[in-house]
Amino acid sequence: MPIPLIQIGCGGVGQALIQQLLSQHAALAQRYGIDLAYHALADSRAVYSTGAPLTLEQVQAALHARQQGQSLATLAGAQVGLHWRELLPVSPAIIIDVTATDGMHPALVQAVQQGHRVVLANKKPLTADYASFTALTAHGATRYEATVGAGLPTIHTLQSLLDTGDTVQRIEACMSGTLGFLCTALDDGQSLSAAVLTAYQQGYTEPDPRDDLSGTDVARKALILARSCGLAWTLDDVPSEPLFSPELAHGSVAAFLQRLPELDAGIAARLAAAQSRNAVLRYVATLELGPQPSASIALRELPLSHPLAALRGTDNLIAYTTARYPAPLVVRGAGAGPAVTAAGVLTDVIATARELATPE
Ligand SMILES: NC(=O)c1ccc[n+]([C@@H]2O[C@H](COP(=O)([O-])OP(=O)(O)OC[C@H]3O[C@@H](n4cnc5c(N)ncnc54)[C@H](OP(=O)(O)O)[C@@H]3O)[C@@H](O)[C@H]2O)c1
């Protein structure tokens, strides 16, 4: 029986996922006996579905349209304005959220309660209210590896530690490719404003670089890790240090970019102080998970001997200090990019499909 997939989002990650699914379809069928079949694809304008599993040719046509910068709405049979939840089949489907959209959680929770499964690259459904997090993740109904560290086995590692009875005492992590890029540029002698401008021009930042520089994205990842450890936290429990002053929080992106040099002197002074102590600056999320759990998400001075000090460029590093791993267990590697992120999503889709295909 084909396992129906409903993919919401056909941007950078969504397109890479379609490509990987198409290229792995036959190998997965042979290796595990699973037949992954798109039931619907959705972008912000339309849902593409024919009522039957989409053929490989139809999926290829949809991918081609998206690669040409067209919406799915341009495909014959696409339905503009339809919500994907109207297309949920009777048998359990895997709903894949590769959007960056707020407000997806109510429909996803409803789908889980109807017996469907969810795979997320989108962090927002897991960082809304805590009740939605528990409803989504109850009985392992939702997998979310790609929400933290893209394709790195970050969540899998954490869940394995917890499932086998280890005690996670602390998580220390650099989880933003963009902020990693900026810290490396500072190490190399660039000013913060020049580094942000380069990152912006090369497309490493969000369209509004303040979304990276505020630390909010890192805070969402930290919240997902904390909630995965059983803490009933909200975003208020993971405050992050923004790298810009409150006066720069408002106004257009162009105005922000123009005023960027105002940030240089403060960061340069912090860097010089760190360097005088043989240290570097890194944007670090630290979760203390002892009897009084706490979080800190900030630009920190780290001695050169610290594992996070050696990190360069857009790589991520997540270090788990546990009862069994007093010298931390470290996961490190590329933490962004459509291909690695899609691979993280596909790994979750395969694991979910294998469960669904196993007779109960
Ligand atoms: N890129 C990375 O390196 C990376 C790494 C880790 C995690 N992630 C996460 O992966 C997710 C996707 O990232 P991305 O880079 O692929 O984003 P993207 O290129 O901006 O693509 C987002 C897609 O979502 C669609 N969309 C938006 N609202 C929708 C709605 N209400 N219903 C259906 N589709 C909707 C958009 O449709 P339109 O094209 O019609 O606007 C677009 O196809 C994000 O949550 C991101 O944080 C990305």
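### Concerning the overall build of the protein
Per the secondary structure count, the protein includes twelve helices and twelve strands. Computed over C-alpha atoms, the radius of gyration of the protein comes to 21 Å, within 12% of the 21 Å expected from 2.2 N^0.38 for 360 residues, which places it in the range of a compact globule. Projected onto its principal axes, the C-alpha coordinates of the protein cover approximately 65 × 50 × 35 Å. Scored against the burial criterion, the 360 residues of the protein give a buried share of 51%. When contacts within the protein are restricted to residue pairs at least 6 apart in sequence, those whose partners lie at least 24 apart make up 67%.

### A look at the side chain of Ser 71
Relative to the helices and strands, Ser 71 is located in the loop between α2 (56–67) and β4 (78–80). In this structure the side chain of Ser 71 is engaged in a polar contact, spanning 3.1 Å, whose partner is the side chain of Asp 43. Apart from residues lying up to four places away in sequence, Ser 71 is in contact with Asp 43, Arg 45 and Arg 66.

### A few points about the pattern of salt bridges
Oppositely charged side chains may form a pair once their charged atoms are brought near each other. On inspection of all chains with the given rule, the structure shows 14 salt bridges. Among the salt bridges present, the one from Glu 172 reaches Arg 170, with a minimum N-O distance of 3.9 Å. Judged by relative accessible area, which is 10%, Glu 172 ranks as buried. For Arg 277, the salt bridge goes to Glu 301, with nearest N and O atoms at 2.7 Å. A residue pair is termed long-range when its members are at least 10 positions apart, and Arg 277 in the loop between α11 (264–276) and β9 (279–288) and Glu 301 in strand β10 (residues 294–303) qualify at 24 residues. Glu 301 gets classed as partly exposed once you look at its relative accessible area, which sits at 33%. Taken together, the shared-partner salt bridges connect Arg 170, Glu 172, Glu 288 and Arg 300 into one network.

### Quick notes on helix α12 (residues 338–357)
The first and last C-alpha atoms of α12 sit 28 Å apart over 20 residues, in line with the 28 Å expected at 1.5 Å per residue. At its buried positions, α12 is contacted by β1 (3–8), α1 (12–32), β2 (36–42), β5 (94–97), β6 (117–120) and β7 (142–143).

### Examining the site of the ligand
Residues in contact with the ligand amount to 20 residues; listed here are only the nearest, Val 13, Ser 44, Arg 66, Thr 99 and Gly 337. Interatomic distance of 3.1 Å between a backbone N/O atom of Gly 11 and an oxygen atom of the ligand. In the environment of the ligand, an oxygen atom lies 2.6 Å from a nitrogen or oxygen atom belonging to the side chain of Ser 44. About the coverage of the ligand: the protein hides 68% of its 910 Å² of free accessible area. Counted by class, the shell around the ligand contains eight nonpolar, nine polar and three charged residues.

### Structural notes on the packing of helix α3 (residues 105–113) against helix α4 (residues 130–137)
For any two helices packed against each other, the geometry comes down to the angle between their axes and how far apart the axes lie. Interaxial distance between α3 and α4 falls to 9 Å at its minimum, and their mutual angle equals 35°. Between α3 and α4 the crossing geometry is left-handed. Across the interface between the two elements, His 105, Leu 108, Val 109, Val 112 and Gln 113 of α3 pack against Ser 132, Ala 135 and Leu 136 of α4. Taken together, the residues of the contact of α3 with α4 break down into five nonpolar, three polar and no charged.

### Concerning helix α9 (residues 216–228)
Here α9 contains 13 residues, and its C-alpha end-to-end distance of 18 Å stays within 8% of the 18 Å for a straight helix at 1.5 Å per residue. Counting buried residues along α9, eleven of its 13 residues qualify, which places the element largely inside the surrounding structure. Along α9, the positions that sit buried rather than exposed are Val 218, Ala 219, Arg 220, Lys 221, Ala 222, Leu 223, Ile 224, Leu 225, Ala 226, Arg 227 and Ser 228. Of the residues one or two after α9, Gly 230 is the one with positive phi, at around 100°.

### With respect to the sheet that holds β7
Overall, mixed pairing links the seven strands, which are arranged β4-β3-β2-β1-β5-β6-β7 in an open sheet. Lying at the two open borders of the sheet, with one neighbouring strand each, are β4 and β7.

About the thresholds
Residues numbered from 1 in each chain as written. Predicted model: local features only at pLDDT ≥ 70, side-chain atom pairs only at ≥ 80, totals over all residues. Heavy atoms only, no water. Helix = DSSP H or I, 4+ residues; strand = E, 2+ residues; numbered from the N terminus. Rg over C-alpha atoms; globule rule 2.2 N^0.38 Å. Buried < 20%, exposed > 50% of the residue type's maximum accessible area, 1.4 Å probe, protein only. Contact = heavy atoms within 4.5 Å. Polar contact = N/O pair within 3.5 Å; in protein donor to acceptor, adjacent residues only side chain to side chain. Salt bridge = Lys/Arg side-chain N within 4 Å of Asp/Glu carboxyl O. Expected span 1.5 Å × (residues − 1). Near = heavy atom within 4 Å. Areas by Shrake-Rupley, 256 points an atom, 1.4 Å probe, with all protein chains shown as cover. Nonpolar A, V, L, I, M, F, W, Y, C, P; charged D, E, K, R; others polar. Axes fitted to C-alpha atoms, helices over the stretch in contact; angles between N-to-C directions. Left-handed = near helix turned anticlockwise from the far one by under 90°. Pairing = 2+ DSSP bridges.

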